[in-house]
Amino acid sequence: MPMSAARDAFLAALRHVVTALHEELPVDTRDDWATRVHALLDEGPDTSSLRAVHVWHSATILPLLNEAAQDGDSGVFTALGELHAEAAGGRRADQDTWRSALTPVLLRLYDAAYDRTSAYAEAHAGARDYALGKGFSAPEADGYGHEYARLSTDASAQSCAEAHAEALGHALARAYATDGCEAYADTCPGAQLRAVVRATTERADPLPAARLAEGLLSALAPPWP
């Protein structure tokens, strides 16, 4: 891809990320942060490759996900972090290597990002009403609703995580293996960012969106290769 086309593709992806982050930041800080991003881009950072993306993931996103993980299995995040760090230094891995490292992280990310609270409440209400209609007593119907909601929510969260890991894992592995800015733009990076925020809010300190925002600035800042 010509350098100008790669830059345009990178900037298109970056716009989605910046928009998503801007929406997640506190009202009193978001506009100042956006101004800092635009000022930095005016300086002319490297936007012809995915170097900044790799720096952001290895230095900010994966450490944040690891910190927020409930089981403390840091090895899952370490393997992918090492690949991103190597890629930031110019050493590419092949698509299969990326896919192997991405899959377990994506499974954890989208499982943690799943809105269990809303899904559970909806499933419980529906199952309870069904049981009441079948003649169950109120306590029996409530117990039935909770059991159904537990099983339904766990199954839905797992299915959601597996679907994202399958589709997004393939797309990201291809983008990273080829250092493809256009391919990366096609992976909906703004939506990925929102998933990271959902997965880490209330599990990490301080505010995850603020750390992600500052981390992106650092990834885009000089020195540039």
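I will try to describe carefully the structure that is included in this document. Small disclaimer: the values here were computed from a predicted structure and weren't measured. (Residues numbered from 1 in each chain as written. Predicted model: local features only at pLDDT ≥ 70, side-chain atom pairs only at ≥ 80, totals over all residues. Heavy atoms only, no water.)

## Side note on the overall build of the protein
The condition that has to hold: Every helix listed is a DSSP run of H or I at least four residues long, and every strand listed is a run of E at least two residues long, numbered separately from the N terminus. Relative accessible area decides the class of each residue, using a 1.4 Å probe on protein chains only: under 20% of the type maximum gives buried, over 50% gives exposed, and in between gives partly exposed. Residues count as neighbours in contact if any of their non-hydrogen atoms are within 4.5 Å of one another. Shrake-Rupley sampling with a 1.4 Å probe provides the accessible areas, and residues are treated as covered by the protein chains on show and by no other component. Residues scored as charged are limited to Lys and Arg (positive) and Asp and Glu (negative), so that His and the chain ends carry no count. Charged groups are reduced to one reference atom each: NZ for lysine, CZ for arginine, CG for aspartic acid, CD for glutamic acid.
Counting its secondary structure elements, the protein contains ten helices and zero strands. Of the regular secondary structure in the protein, the N- to C-terminal order runs α-α-α-α-α-α-α-α-α-α. Taking the principal axes of its C-alpha atoms as reference, the protein extends roughly 70 × 45 × 30 Å. Relative to its full complement of 225 residues, the protein shows a buried share of 40%. Put simply, of all contacts in the protein between residues at least 6 apart along the chain, 77% involve residues at least 24 apart. Accessible surface computed for the protein: about 11400 Å², of which carbon and sulfur atoms make up 53%. Here the protein contributes 18 positively and 32 negatively charged side chains, and the mean placements of these two sets differ by 2 Å.

## As for the layout of surface pockets
Under the convention used in this document: A pocket, in this scheme, is an open set of points on a 1 Å grid over the protein atoms alone with protein on both sides within 12 Å along at least 5 of 7 lines, while a cavity is a set where a 1.4 Å probe fits but cannot get out; residues line either one if an atom lies within 4 Å of a point. Grid points are joined across faces, edges and corners, and a volume is the space filled by probe spheres set on the points. Three categories are distinguished: nonpolar for Ala, Val, Leu, Ile, Met, Phe, Trp, Tyr, Cys and Pro, charged for Asp, Glu, Lys and Arg, and polar for the others, with Gly belonging to the last.
Size it by volume and the second largest pocket reaches roughly 190 Å³. Along the walls of the second largest pocket sit 13 residues, with Y110, H164, L168, A191 and Q192 positioned nearest its centre. Those elements that place two or more of their residues in the lining of the second largest pocket are α5 (95–113), α7 (138–178) and α9 (189–200). The leading source of residues in the lining of the second largest pocket is α7, at four residues. Tallied by class, the residues present in the lining of the second largest pocket amount to eight nonpolar, three polar and two charged.

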